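Topology and contacts: notes
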Amino acid sequence: MLADVTEVEPGRLRGVLIIESLRSDAELTDLAITVSTISRIRPENRGADQPARWTLLHFEAADTTADRLATALADTLEAGPWYVDFHTTTTTYVVFSDRIFTYRRDEPNGRDNAIAHARAVGVPETQLDWA
């Protein structure tokens, strides 16, 4: 969600985490990420069960940490209409509570399974915007 993948450097990944998407008991440690920006927004496309203000944490990391990062996020995201997406130069990761989708960015139908799952858990259509 909200990740700019246009400038992902080789060997790196880039993504955005909405802090409000984390479970209230979530603890993320040893992520080996670099936070580039933290910002607050009032999303126009929020779902009925989502808060009016979001805190966005823009991050980067070595692409070798992608699977470990995806697992950590899947274990701490709130169930329901939340996901985190991040990207390497070749792969997109879409992470939901207890579910991880990956696909090659050049795969024409790679998004299909992640989109179907997003719809099933109530993600608004306007938020199915990962690259």
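Bear in mind the structure is a predicted one, so any value in this text is a computation, not a measurement. (Residues numbered from 1 in each chain as written. Predicted model: local features only at pLDDT ≥ 70, side-chain atom pairs only at ≥ 80, totals over all residues. Heavy atoms only, no water.)

Some words on the sheet that holds strand 6 (residues 99–104)
Strand order in the open sheet formed by 6 strands is 2-3-1-4-5-6, and the pairing between neighbours is antiparallel. The two strands at the open ends of the sheet, each matched to only one other strand, are strand 2 (33–41) and strand 6. In this sheet, adjacent strand axes meet at a mean angle of 15 degrees when their direction is disregarded. Against the sheet, helix 1 (residues 66–74) contacts strand 1 (12–18), strand 2, strand 3 (54–62), strand 4 (84–87), strand 5 (91–96) and strand 6, and its axis sits at roughly 20 degrees relative to strand 5. (Pairing = 2+ DSSP bridges. Helix = DSSP H or I, 4+ residues; strand = E, 2+ residues; numbered from the N terminus. Axes fitted to C-alpha atoms, helices over the stretch in contact; angles between N-to-C directions. Contact = heavy atoms within 4.5 Å.)

Quick word on the packing of aromatic side chains
In the structure shown here, the tally under the stated rule is 6 aromatic pairs. Relative to Trp 130, the ring of Tyr 83 lies with its centre 4.9 Å away and its plane at 75 degrees, an arrangement referred to as edge-to-face. With a gap of 47 residues between them, Tyr 83 in the loop between helix 1 and strand 4 and Trp 130 in the segment after helix 2 (112–120) connect regions that are remote in the sequence. Residue Tyr 83 is classed as buried on the basis of its relative accessible area, which comes to 1%. Assessed through its relative accessible area of 2%, Trp 130 is described here as buried. Through successive ring pairs, a cluster of aromatic residues spans Tyr 83, Phe 96, Phe 101 and Trp 130. Over the ring of Trp 130 we find Arg 111, and its NZ or CZ is 5.1 Å from the ring centre. (Phe/Tyr/Trp six-rings, centres within 6.5 Å; stacked < 30°, edge-to-face > 60°. Buried < 20%, exposed > 50% of the residue type's maximum accessible area, 1.4 Å probe, protein only. Lys NZ or Arg CZ within 6 Å of the ring centre and 35° of its normal.)

What to know about the pattern of salt bridges
Under the definition given, this model contains 6 salt bridges. Among the ionic pairs, Arg 40 bridges to Glu 20, the shortest N-O distance being 3.6 Å. Residue Arg 40 is found in strand 2, and its partner Glu 20 is found in the loop between strand 1 and strand 2; the two are separated by 20 residues along the sequence. Accessibility expressed as a relative area gives 47% for Arg 40, which makes it partly exposed. Residue Glu 20 is classed as partly exposed on the basis of its relative accessible area of 24%. One salt bridge connects Glu 125 with Arg 119, and the closest N-O pair in it is separated by 2.6 Å. With a relative accessible area of 48%, Glu 125 lands in the partly exposed category. In this structure Arg 119 comes out as partly exposed when scored by relative accessible area, which is 48%. Through salt bridges with shared partners, a single ionic network connects Arg 12, Arg 14 and Glu 60. (Salt bridge = Lys/Arg side-chain N within 4 Å of Asp/Glu carboxyl O.)

Examining the nonpolar core
With 17 residues, the main nonpolar core has Leu 17, Phe 59 and Phe 86 as its most contacted residues. Elements represented by at least two residues in this core include exactly strand 1, strand 3, helix 1, strand 4 and strand 5. Broken down by element, the residue count for this core peaks at 5 residues, all from helix 1. Once residues lying within four places of it in the same chain are set aside, the contact partners of Phe 86 are Leu 13, Arg 14, Gly 15, Phe 59, Ala 66, Leu 69, Ala 70, Leu 73, Thr 91, Thr 92, Tyr 93 and Val 95. With 11 residues, the next largest nonpolar core counts Val 94, Phe 96, Ala 118 and Val 123 among its residues. (Core = buried A, V, L, I, M, F, W, Y, C linked by side-chain atoms within 4.5 Å.)

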